[in-house]
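# Structure assessment
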Amino acid sequence: MVQLNQNFIDTITQELPAHLSMDEFIAACDRPLRRSIRVNTLKISSDDFKTLMQPKGWTFDPIPWCADGFWISYDEEEQLGNALEHIQGLFYIQEASSMLPPTALFTPSAFTTSAKWQSVLDLASAPGSKTTQIAALMHNQGLLVANEYSASRVKVLHANVLRMGVSHCALTHFDGRVFGEYLYESFDAVLIDAPCGGEGTVRKDADALKHWSLDDVLAISETQKALIESAFLALKPGGSLVYSTCTLNRLENQGVCEYLKRVYGDAVQFESLSDLFDGAERATTTEGFLHVWPQIYDSEGFFVAKLTKTASVPRLQPEPKLQKNFPFTPASAKQAQGIKDYFQQDLGISLPDDLIMVRDDEFWLFPHEFNAFIGRMRFQRIGIKLADNSKHGFKVRHEAIIALAGKQLSPTAKTVDVSDVEAKEYLMGRDIPLNTAGKAQGEVIVCYGGAPLGMAKHLGNKLKNNLPRDLVKDKVLLLPEQTKSL
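Residues numbered from 1 in each chain as written. Predicted model: local features only at pLDDT ≥ 70, side-chain atom pairs only at ≥ 80, totals over all residues. Heavy atoms only, no water.

Spatial ordering of the open sheet is given by 19-21-22-23-20, a layout of five strands whose pairing is mixed. Each end of this open sheet is capped by a strand with a single partner; those strands are strand 19 (415-417) and strand 20 (432-433). In this sheet, strand 22 (residues 451-458) lies alongside strand 21 (residues 442-448) in antiparallel orientation, the contact comprising seven bridges. Pairing of Val444 across the sheet is with Ala456, part of strand 22. (Pairing = 2+ DSSP bridges. Helix = DSSP H or I, 4+ residues; strand = E, 2+ residues; numbered from the N terminus.)

Next up on the list: helix 2 (residues 22-29). Since the α-helix packs 3.6 residues into each turn, any two residues three or four apart lie on the same face. Among all positions of helix 2, only Met22, Phe25, Ala28 and Cys29 are buried. Along the axis of helix 2, the buried positions cluster into a sector of 125°, meaning they face one direction only. Residues of helix 2 that are buried sit in contact with helix 1 (6-13) and helix 11 (294-297). (Buried < 20%, exposed > 50% of the residue type's maximum accessible area, 1.4 Å probe, protein only. Arc of directions from axis to C-beta. Contact = heavy atoms within 4.5 Å.)

So, about the side chain of Lys385. Turning to its location among the elements, Lys385 is positioned in strand 17 (residues 384-390). When its relative accessible area of 8% is taken as the criterion, Lys385 is described as buried. A polar contact of 3.3 Å, which involves the side chain of Lys385, links it to the side chain of Glu362. A polar contact of 3.0 Å, which involves the side chain of Lys385, links it to the side chain of Asp388. (Polar contact = N/O pair within 3.5 Å; in protein donor to acceptor, adjacent residues only side chain to side chain.)

Attention now goes to the state of the cysteines. For the structure on display, the rule yields zero disulfides. The thiol sulfur of Cys196 is not disulfide-bonded, and the nearest other cysteine sulfur, from Cys246, lies at 3.4 Å. Among the cysteines around Cys257, which has no disulfide bond, Cys196 carries the closest sulfur, lying 13 Å off. (Disulfide = S-S within 2.5 Å.)

Structure, rendered in structure tokens:
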């Protein structure tokens, strides 16, 4: 049963809108969350995903504010994170209300073929739900910088970025307060899903509010003010900023936005989110923010604010010096053509027209937009590693296959489609016997459901597994319809 601190109840009662009741709030907090997922459109369309999963007993209830988000139900009690399709990156397990901030950032449509954002910053990224949602909304174009302060959470973020096939992302590991100076007015859009008191998460963590303290709220709101100011300084004039939290009190929400408005005045223009989706007005504040209480949409509690930077503002410190010793150099024309030919002729993949960079014997793919960021900040990871070069030729990297062997595959690509059970065996690191022996074909791309799983070596009578050892799973869950073929 949910543990609500009396001090929290006394405080939040004063902030609850008149059309909502405390009894309904407490009842909503005591209900388990509905299971929700977001389809990863970098790998599969929502329609194709539903076609894939409905025979396996899944039902889909659309989430109003995310075109590719669904509340789901299915006849299976095991952990969804072990499902074959999740490991493959076809979907992300994401709470419905957390899909709101990226949707708000990209509405009205800001990323089209004719006029696209060149650079987007996700200031507090881990574990990656919103980062990968932004990447899908950007269609793996432009540059997405994803920052995370916690070293351990950077590893989780990186794993999710790779699993979901994100190719145009650069990861950083800094306190978010440095971005306003190091990358001053560099981004077309910024999302800051700020660290917060987590009052809205009580439905999945019954003890989230057990030790609630107003002093803790006051302390974290000061951090949030510094972060939103840094995000605002990093934003280009005319750009969009979304500030969000999974907490409910005004100090961490409206109060932080009002602070920014007091400091920068007319350069801060609040944008109304009342038309973001059908029914948004039920959670819209007088300022135009979304203050989502758990009982409104039967979701987690959440807060989302959107603003436009109408004019340039002074930076707070002198421009930092450029950093030296960037370890990558552009590939020569011969090197670039060689790696392009390898991907096209051997794998059937047309490399996108981006920067091919070299470090020692490694070939990497960087977004063109990253050129403007070289030397301005240290990056943990940029783009994707394409291949290693050796005396025996190129050796493709798993992450390149996951990110590129989808919509960019040519009809002549060497692929092998596998069954549910074979896909499970592959993800558990095992070789896959072939029903009929034939001529060995060498490197092939193993696919399931139209999306890549990784590489294998076709030896004629079996597929020799080339999945990296660190990605091998101890357990892969086959959902109900799949288990019938076991």
